[in-house]
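Given next are the chains, with one letter for each unit.
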Amino acid sequence: MSAFSSDPDLHVQDATGNGTEVDVATNLLNGDIRLSILWTQEILLTADAAEQVATALQRAAAQSRGITAATANRCETQPPIE
């Protein structure tokens with residue numbers, strides 16, 4: 001099972017129609033954000049597709065902040081180990 005959760009609202013493919021896709025995923029354990037370009041090393045995006053990727057990254061950033069804040073709060077509320 002992967003710790004990464006992909007953005008379910010992101011459906012972006014290469015503007016040339018070659019099937020290349022973009023994936024934005026958040027690591028649910030530590031809040032890291034993964035931006036993947038699937039099936040190749042680059043992707044050409046239309047303006048609308050680029051905007052969708054940017055929006056997905058903003059959602060991932062918000063989710064990441066929530067994860068890291070929750071982790072920090074847990075660390076602050078637990079008594080130190082002696």
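Since this is a predicted model, take the numbers as computed values, not measurements.

Parameters and conventions
Residues numbered from 1 in each chain as written. Predicted model: local features only at pLDDT ≥ 70, side-chain atom pairs only at ≥ 80, totals over all residues. Heavy atoms only, no water. Salt bridge = Lys/Arg side-chain N within 4 Å of Asp/Glu carboxyl O. Helix = DSSP H or I, 4+ residues; strand = E, 2+ residues; numbered from the N terminus. Core = buried A, V, L, I, M, F, W, Y, C linked by side-chain atoms within 4.5 Å. Buried < 20%, exposed > 50% of the residue type's maximum accessible area, 1.4 Å probe, protein only. Contact = heavy atoms within 4.5 Å.

J.: Is there a simple way to think about the pattern of salt bridges in this case?
T.: Between side chains of opposite charge, a pair can form when the charged atoms approach closely. Per the stated rule, a full pass over the model turns up two salt bridges. For the salt bridge of Asp7 with Arg59, the shortest nitrogen-to-oxygen distance reads 2.8 Å. Note that Asp7 is positioned in the loop between strand E1 (4–6) and strand E2 (21–27) and Arg59 in helix H1 (residues 47–77), a separation of 52 residues in sequence. Of the charged contacts, one joins Arg34 and Asp23 as a salt bridge, the two residues approaching to 3.3 Å between their closest N and O atoms. You can see Arg34 sitting in strand E3 (residues 33–38) and its partner Asp23 sitting in strand E2, a full 11 residues away along the chain.

J.: Quick question: what am I supposed to make of the nonpolar core here?
T.: Among soluble globular proteins, nonpolar side chains are generally buried collectively. Membership of the largest hydrophobic core is limited to nine residues, which are Leu10, Val12, Val22, Val24, Ile43, Ala49, Val53, Ala56 and Ala60. Only E2 and H1 provide two or more residues apiece to this core. Once residues within four sequence positions are removed from consideration, Val12 is found in contact with Thr20, Glu21, Val22, Leu45, Ala49, Gln52 and Val53.

J.: Please clarify how unusual backbone geometry should be interpreted in this entry.
T.: Outside of glycine, negative phi angles account for most residues, and trans bonds account for most peptide bonds. Its identity is not glycine, yet Trp39 carries a phi of approximately 85°, on the positive side. Among the secondary structure elements, Trp39 is positioned in the loop between E3 and H1. Taking the relative accessible area as the measure of exposure, Trp39 reaches 67% and is therefore exposed.

Such coordinate-based values are descriptive only and should not be taken to indicate function.
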